[in-house]
2 protein chains.
Amino acid sequence: MSMVKMGDPVMANQNVPQATAERLPLYYRTLQRLVAIGKTRISSSEFGGIVQIDSTTIRKDFSYFGALGRKGYGYDTQHLMEFLKKILYQDELSKVILIGVGHLGTALLNHNFQKNNNTKIVKAYDVDPLKIGTEISGTSVHSMDELETDDNREITAAILTVPAAHAQKAADLAIASGIHGFLNFSPTRLVLPQDAYVRHVDMTVELQALIYFLNHAMEERKS
Amino acid sequence: MSMVKMGDPVMANQNVPQATAERLPLYYRTLQRLVAIGKTRISSSEFGGIVQIDSTTIRKDFSYFGALGRKGYGYDTQHLMEFLKKILYQDELSKVILIGVGHLGTALLNHNFQKNNNTKIVKAYDVDPLKIGTEISGTSVHSMDELETDDNREITAAILTVPAAHAQKAADLAIASGIHGFLNFSPTRLVLPQDAYVRHVDMTVELQALIYFLNHAMEERKS
DNA sequence: GCATTTTTGTTAATTATTTCACAATGTTAA
DNA sequence: TTAACATTGTGAAATAATTAACAAAAATGC
């Protein structure tokens, strides 16, 4: 009845729940792997086994984008992968910048998300004169001052890997240069305009949460 | 009525929702900061402003552990911080190991969670002969072979920063040596015994989710 | 070609989480 | 001391997310 109109998949997402949206990248990468090893079809339950998510949840997640599978058959991995690629905007290159070339920043520059993703760190910024002018894995490091004057309206997001004390200041500069999205690796809670969006990656929080669950939740697990 | 019995705070957690538990580390760190700058009291709404979480959610979160605040006054930052410290087991040192001394592993070793947290990376493992025997920020790097024979029953968790292809193998070794908790930075979904617990930190997923939200969710934000 | 099996897509039920609303109670200031 | 104020803690309501259940339909095997 309430069949979502397909065609341009990017349009088909009025009411995708946040929880669903956050699983899409995992689905996408898993499908890339499956396609790479030559698997052409997969059922929701086999797929669920791989990503460790209940098969019903997976079918429901996909259903927000229309009917992507075939009854009695499952999903065509190639087709599904390409569909998700469009949904995730991974069919066009997303340019991002990195602010803060410390150990973590360097790690991200070396990784650079390129292997399977249409995402590229195109420029890095730091305050350290020893780093400015160098190049790490093909990305050149520039002075933070340049951030102030650069026009970054074509840049999708900034990865913030500066010390906590400088995160807000760096974010302000990035906002001023035209950036709206942030992947914030510092523990600081940024204060940003309404049209900006931040995701946090907080390793200390994750480690503490892990320790908490090990000590508490685990004790009372059914068998 | 259903007042939680206090005293030993660690006992007071029959039914702490997962969502609440995952916020506790953020609360804890924020309180550390507030105490450090000399703030002695805070209301749930001021606190909520800082951590960017609705004040009702904060009060409800705290309420699972009993009555921690005072009506008409708010919360005593020092007291609350110490309470959370106990809850989070941060009053005793948690020893963790790190497996995989690449760029990211090195970044984590340098950070080492020590600044405000009672958590320490006590040993690192890698397969690279050039790294084995070295020391990074006071943590010595050992051969992966040792992991097989080490007794790590005293170790709380392992941080997995190995390439995806080796993550499962490394986790198996860690399990065999007595470890139950994992902070997995590789995209691999680990297959582990029931009494083990994993948390994922997946930067590629986070970046893709960010890009997704920027392109979709953002468009239809109320004003 | 037909019966059996598989598996989707979806509605309904359940569970989890957040938010509302406000009584209860301590705090503050005069 | 007392009135005005601030703020918690919490039931109840609203939202969001997951899981169950199953009809519909396609695939498979004979």
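Residues numbered from 1 in each chain as written. Chains lettered and ligands numbered in written order. Predicted model: local features only at pLDDT ≥ 70, side-chain atom pairs only at ≥ 80, totals over all residues. Heavy atoms only, no water.

Asker: For this particular structure, what's the right way to read the protein's contact with DNA strand C?
Answerer: Not every one of the 28 residues close to DNA strand C is listed here, only the nearest: A:Ser44, A:Tyr75, B:Arg23, B:Arg41 and B:Arg70. Sugar plus phosphate: this is where 60% of the atoms of DNA strand C within 4 Å of the protein reside. A distance of 2.8 Å separates a phosphate oxygen of DNA strand C from a polar backbone atom of A:Gly69. Those elements that place two or more of their residues in the surface near DNA strand C are helix 3 (55-63) of chain A together with helix 1 (18-36) and helix 3 (55-63) of chain B. Broken down by element, the surface near DNA strand C gets its largest block of residues, 4 residues, from helix 3 of chain B. Residues of the surface near DNA strand C, tallied by class, amount to 7 nonpolar, 10 polar and 11 charged. (Near = heavy atom within 4 Å. Polar contact = N/O pair within 3.5 Å; in protein donor to acceptor, adjacent residues only side chain to side chain. Helix = DSSP H or I, 4+ residues; strand = E, 2+ residues; numbered from the N terminus. Nonpolar A, V, L, I, M, F, W, Y, C, P; charged D, E, K, R; others polar.)

Asker: Explanation requested: the pairing of strand 8 (residues 181-184) of chain B in the structure shown.
Answerer: The side chains of a regular strand alternate, residue by residue, between the two faces of the sheet. All names here are of chain B. With burial as the criterion, each face of strand 8 is covered, one bearing Gly181 and Leu183 and the other bearing Phe182 and Asn184. Once you follow strand 7 (residues 157-160) into helix 7 (residues 164-176) and on to strand 8, the crossover reads as right-handed. Taken together, the 4 bridges between strand 8 and strand 9 (residues 197-200) define a ladder with parallel strand orientation. Paired with phenylalanine 182 across the two strands is valine 198, which belongs to strand 9. (Buried < 20%, exposed > 50% of the residue type's maximum accessible area, 1.4 Å probe, protein only. Right-handed = clockwise from strand over helix to strand, strands pointing away. Pairing = 2+ DSSP bridges.)

Asker: I tried to follow the domain arrangement of chain A on my own but got confused; where do I start?
Answerer: Size of an interface, as often reported, equals the accessible area lost when the parts are brought together. Examined at the domain level, chain A breaks down into domain 1 (9-87) and domain 2 (94-206). Put simply, the middle of domain 1 of chain A and the middle of domain 2 of chain A, counted by C-alpha atoms, are 30 Å apart. (Domains from an automatic or database assignment.)

Asker: Any chance you could explain the protein's contact with DNA strand D here in plain terms?
Answerer: Taken together, the neighbourhood of DNA strand D is formed by 29 residues, with A:Arg23, A:Arg70, B:Ser44, B:Arg59 and B:Tyr75 sitting nearest. Within 4 Å of the protein, the contacting atoms of DNA strand D are drawn from sugar and phosphate to the extent of 61%. A:Arg23 has a polar side-chain atom sitting 2.8 Å from a phosphate oxygen of DNA strand D. Contributing elements (two or more residues each) for the surface near DNA strand D: helix 1 (18-36) and helix 3 of chain A together with helix 3 of chain B. Classifying every residue of the surface near DNA strand D by side-chain character gives 7 nonpolar, 11 polar and 11 charged.

Asker: Whenever I open this one, the pattern of salt bridges confuses me. Can you help?
Answerer: As a working rule, side chains carrying opposite charge can pair if their charged atoms are close by. Evaluated as defined, the whole model comprises 16 salt bridges over all chains. A salt bridge links A:Arg199 to B:Glu206, with the shortest nitrogen-to-oxygen separation between them at 2.7 Å. Here the residue A:Arg199 occupies a position in strand 9 (residues 197-200), and B:Glu206 occupies one in helix 8 (residues 203-215), the pair thus bridging two chains. Judged on exposure class, the residue A:Arg199 and its partner B:Glu206 are both buried. Between B:Asp151 and B:Arg153 there is a salt bridge; the shortest N-O distance is 2.7 Å. In the salt-bridge network here, residues are joined through shared partners; they are A:Glu22, A:Arg199 and B:Glu206. (Salt bridge = Lys/Arg side-chain N within 4 Å of Asp/Glu carboxyl O.)

Asker: I keep staring at the packing of helix 2 (residues 44-51) of chain A against helix 3 of chain A and nothing clicks. Help me out?
Answerer: The angle between the axes and the distance between the axes are what describe a pair of packed helices. Residues and elements named next belong to chain A. Contact geometry for helix 2 and helix 3: axes closest at 8 Å, N-to-C directions at 110 degrees. Between helix 2 and helix 3, the angle falls in the class roughly perpendicular. Here Ser44, Ser45, Phe47, Gly48 and Val51 of helix 2 lie close against helix 3, whose contacting residues are Ser55, Ile58, Arg59 and Phe62. In the contact of helix 2 with helix 3, the residues fall into 4 nonpolar, 4 polar and 1 charged. (Axes fitted to C-alpha atoms, helices over the stretch in contact; angles between N-to-C directions. Parallel < 35°, antiparallel > 145°, perpendicular 65-115°, else oblique. Contact = heavy atoms within 4.5 Å.)

Asker: I'm lost on the sheet that holds strand 4 (residues 119-126) of chain A in this one. Help?
Answerer: Pairing between the strands of a sheet is mediated by backbone hydrogen bonds and can be parallel or antiparallel. Read from one edge to the other, the open sheet built from 7 strands follows the order 5-6-4-3-7-8-9 (chain A), with strand pairing classed as mixed. Edge strands, defined here as strands with exactly one partner in the open sheet, are strand 5 (135-136) and strand 9 of chain A. Here strand 5 of chain A pairs with strand 6 (residues 139-143) of chain A via 2 bridges, running antiparallel. By the bridge assignment for strand 6 of chain A, A:Glu135 is matched with A:Ser140. Here helix 8 of chain B sits on the sheet and contacts strand 3 (94-99), strand 4, strand 7 (157-160), strand 8 (181-184) and strand 9 of chain A; the angle it forms with strand 9 of chain A, its principal contact strand, is near 165 degrees.

Asker: What exactly am I supposed to notice about the interface of chain A and chain B here?
Answerer: With 71 residues of chain A at the interface, the matching set in chain B holds 71 residues. With both chains or domains summed, chain A and chain B bury close to 6,000 Å², and 63% of this area falls on carbon and sulfur atoms. On the surface where chain A and chain B come into contact, there are 4 salt bridges. At the boundary of chain A with chain B, the tally comes to 10 residue pairs in polar contact (both at pLDDT 80 or more). With 13 residues, helix 8 (residues 203-215) of chain A is the largest single contributor of residues to the side of chain A that touches chain B. (Buried area = accessible area lost by both parts, 1.4 Å probe.)

Asker: Where do I start with the confidence of the model for chain A in this structure?
Answerer: Regions with low pLDDT carry predicted coordinates that are not meant to be interpreted in detail. Mean pLDDT over chain A works out to 91, with 91% of the residues at or above the 70 mark. Counting interchain partners and residues more than four positions distant, the pLDDT-below-50 stretch residues 1-8 of chain A has 10 contacts. (pLDDT = per-residue confidence, 0-100.)

Asker: How should helix 7 of chain B be read in this particular structure?
Answerer: Residues three or four positions apart in an α-helix share a direction because the helix packs 3.6 residues into each turn. All names here are of chain B. End to end, helix 7 covers 19 Å across 13 residues, agreeing with the expected 18 Å (1.5 Å per residue, within 8%). Among all positions in helix 7, only Ala167, Ala170, Ala171, Leu173 and Ala174 are buried. Here the buried residues of helix 7 occupy an arc of 160 degrees about the axis, which is enough to place them on one side. In helix 7, the exposed residues that point more than 90 degrees away from the buried face are Ala165, Lys169 and Ala176. Elements that come into contact with the buried residues of helix 7 comprise strand 3 (94-99), helix 6 (144-149), strand 7 and strand 8. Positive phi shows up at glycine 178, right after helix 7, with a value of about 110 degrees. (Expected span 1.5 Å × (residues − 1). Arc of directions from axis to C-beta.)

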